[in-house]
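Report on the structure
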Amino acid sequence: MTGAGRSRALAAGIEMPLLGIGVWEIPDGRPAEDSVRWALEAGYRHVDTAQGYGNEASVGRALRSSGVSRDEVFVTTKFFPGSRDPVREVERSLEHLGIDELDLYLVHWPQGGPTRAWRGMERALERGLTRAIGVSNYDRRELARVIAAADVPPAVNQVLFNPFNFRRRLLAACDEQGVVLEAYSPLTHGRDLAHEAVVQVARRTGRTPAQVMLRWAVQRQVPVIPKSTRCERIVENSRVFDFSLDERDMAALDRLDRTGGTGRATEGKWWTVGGRARNLAARLARPLRG
Ligand SMILES: NC(=O)c1ccc[n+]([C@@H]2O[C@H](COP(=O)([O-])OP(=O)(O)OC[C@H]3O[C@@H](n4cnc5c(N)ncnc54)[C@H](OP(=O)(O)O)[C@@H]3O)[C@@H](O)[C@H]2O)c1
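Cut-offs applied
- Once a new chain begins, its residue numbering starts again from 1 and follows that chain's sequence as written.
- Per-residue local features of the predicted model are confined to residues with pLDDT of at least 70, and side-chain atom pairs are confined, for both listing and counting, to 80 or more; whole-chain, interface and lining totals are unaffected and use all residues.
- The numbering of helices and of strands both runs from the N terminus, where a helix is a DSSP run of H or I of at least 4 residues and a strand a run of E of at least 2.
- Computation of the radius of gyration draws on C-alpha atoms alone. For the globule rule, the value is 2.2 Å times the number of residues to the power 0.38.
- This entry defines residue contacts through backbone-placed C-beta atoms, with two residues in contact when those atoms are within 7 Å.
- Being near a molecule or strand means, for a residue, that its C-beta atom, positioned from the backbone, comes within 6 Å of it.
- Polarity classes work like this: nonpolar for Ala, Val, Leu, Ile, Met, Phe, Trp, Tyr, Cys and Pro, charged for Asp, Glu, Lys and Arg, and polar for all others, with Gly in that last group.
- Whether a residue is buried, exposed or partly exposed follows from its count of other C-beta atoms within 10 Å of its own C-beta, namely 20 or more, 12 or fewer, or something in between, respectively; the C-beta atoms are built from the backbone.
- Strands are treated as partners if at least two bridges between them are detected by DSSP.
- The arc refers to the directions leading from the helix axis to the C-beta atoms.
- Axis definition: a line fitted to C-alpha atoms, over the contacting stretch in the case of helices. Angles run 0 to 180 degrees between N-to-C directions.
- Relative orientations are named as follows: roughly parallel for angles under 35 degrees, roughly antiparallel for angles over 145 degrees, roughly perpendicular for angles from 65 to 115 degrees, and oblique for any other angle.
- The term nonpolar core means buried Ala, Val, Leu, Ile, Met, Phe, Trp, Tyr and Cys residues held together as one set by C-beta atoms within 7 Å.
- To estimate how far a helix should extend, the number of its residues minus one is multiplied by 1.5 Å.

Here the focus is the overall build of the protein. Across its full length, the protein holds 12 helices and nine strands. For 290 residues, the compact-globule estimate of 2.2 N^0.38 gives 19 Å, and the C-alpha radius of gyration of the protein, at 18 Å, lies within 12% of that figure. Within the protein, counting contacts between residues at least 6 apart in sequence, those at least 24 apart form 74% of the total.

As structure tokens, then:
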């Protein structure tokens, strides 16, 4: 989705569309291909996948069969931090995706420390395998550490961000450092769409709860990557640039924050021992991490 006010300039001088389709938990094959194809047909020009999602090949097939030219679509994938070498892994991703260069390559989470993978990410950039590099699930301190060690700082930090996870301190830290905060699970993974306060704003604006949540983010220039496997929802989620929320609605949504305006990126670091224990139940329910 491009056009005035519909993209955000990254530090690297690249335009990132504010709306993308996320494909976590969409099975490889027909389901992932359909979602990406429907999104491209609905005007999305941004796809968010990851090496850990196992569906890069389907994303690639949908890109090729869509008829939309490669340079019109912003493609992100993420380095799986259980692997060793970001360069080797991005070469594999490009092969799966059937493209020569990514638009954005993210460290999926700071496993082994926030700087462990960064030199390899910079090498991927130097070799022209991606136009921009960034991180995901980095809190304020981790972001400061990678920036201090970097030749090229991260352009993006993709984190859990929606009205219920309004991480004000993290957003401010990203803004201060010139890092674009990108919102994953912008629809709360579907869990809080029926919350009374969201439904009320939806009624007031004549929109759906999903549109209201997405609008809340894009109105503050935060890119969103909602996931859906249903064509009608993919279309619904794309209609967030033809209305706005007034101050009262924005404030009502801001008040839903359950994080206390945190500088953290996530409440459970699933890649650490302590986080693993806390997240055991959730992880059993979800074999692949988003
Ligand atoms: N970097 C990371 O660690 C990380 C972590 C999580 C997610 N992500 C990325 O962010 C993307 C989005 O996050 P997410 O998948 O966790 O969740 P989400 O986009 O917040 O929510 C997706 C859920 O909402 C439902 N949904 C979508 N549109 C809807 C609508 N209009 N009305 C009602 N329900 C709707 C979907 O169901 P249906 O599919 O049945 O429509 C699905 O259950 C992921 O796909 C992934 O690309 C990244």
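From this point, the discussion proceeds with the structure in view.
Close to the ligand lie 27 residues; Gly22, Leu187, Gly190, Ala210 and Gly290 are nearest. Residue contributions to the shell around the ligand peak at three residues, all from helix α9 (residues 231-238). Broken down by class, the residue content of the shell around the ligand amounts to nine nonpolar, 13 polar and five charged.

Take the environment of Gly274 next. Mapped onto the elements, Gly274 comes out in helix α11 (residues 273-278). Using a count of 9 C-beta atoms within 10 Å as the deciding quantity, one classes Gly274 as exposed. Taking C-alpha positions, Gly274 is 31 Å from Val152, a pair spaced 122 residues apart along the chain.

Moving on, we get to the sheet that holds strand β3 (residues 21-22). Strand order in the open sheet made by the seven strands is β3-β4-β5-β6-β7-β8-β9, with parallel pairing throughout. The sheet is open, and its two borders are formed by β3 and β9 (180-184), each paired with just one other strand. The pairing of strand β7 (residues 133-136) with strand β8 (residues 156-160) spans two bridges and is classified as parallel. Looking at the pairing, Val135 lines up with Asn157 of β8.

Turning next to α9. Listed in full, the buried residues belonging to α9 are Ile234, Asn237 and Ser238. Looking straight down α9, one finds its buried side chains confined to an arc of 105 degrees; they lie on one side. Those residues of α9 that are buried are in contact with β3, α1 (30-41) and α8 (209-218).

A separate point is the packing of helix α7 (residues 196-205) against α8. The N-to-C vectors of α7 and α8 enclose an angle of 95 degrees; their axes lie 8 Å apart at closest approach. Accordingly, the angle class assigned to the pair α7 and α8 is roughly perpendicular. Mapping the contact onto sequence places Val198, Val199, Val201, Ala202 and Thr205 in α7 and Pro209, Val212 and Met213 in α8.

In terms of nonpolar packing, the biggest core is built from 75 residues, with Val23, Val36, Tyr105, Met121, Leu181 and Val224 touching the most fellow members. Ranked by residue count, the leading element in this core is α8, at seven residues. Excluding anything up to four places from it in sequence, Leu181 contacts Asn157, Val159, Phe161, Leu170, Leu171, Cys174 and Val222.

Take α1 next. Over its 12 residues, α1 extends 16 Å from the first C-alpha to the last, a length consistent with the 16 Å expected when each residue adds 1.5 Å. Of the positions making up α1, those classed as buried are Ala32, Glu33, Ser35, Val36, Arg37, Trp38, Ala39 and Leu40. Of the surrounding secondary structure, the elements contacted by the buried residues of α1 are β3, β4 (46-48), α2 (56-66) and α9. Among the residues trailing α1, Gly43 stands out with phi positive, at a value near 105 degrees.

The backbone of Ser185 sits at a positive phi, close to 45 degrees, despite the residue not being glycine. Relative to the elements of secondary structure, Ser185 occurs in the loop between β9 and α7. Of note in the backbone geometry, His189 takes a positive phi value of approximately 60 degrees without being a glycine. Relative to the helices and strands, His189 resides in the loop between β9 and α7. Owing to 16 C-beta atoms within 10 Å, His189 belongs among the partly exposed residues under this scheme.

Everything listed here is a matter of geometry and, on its own, says nothing about what the molecule does.
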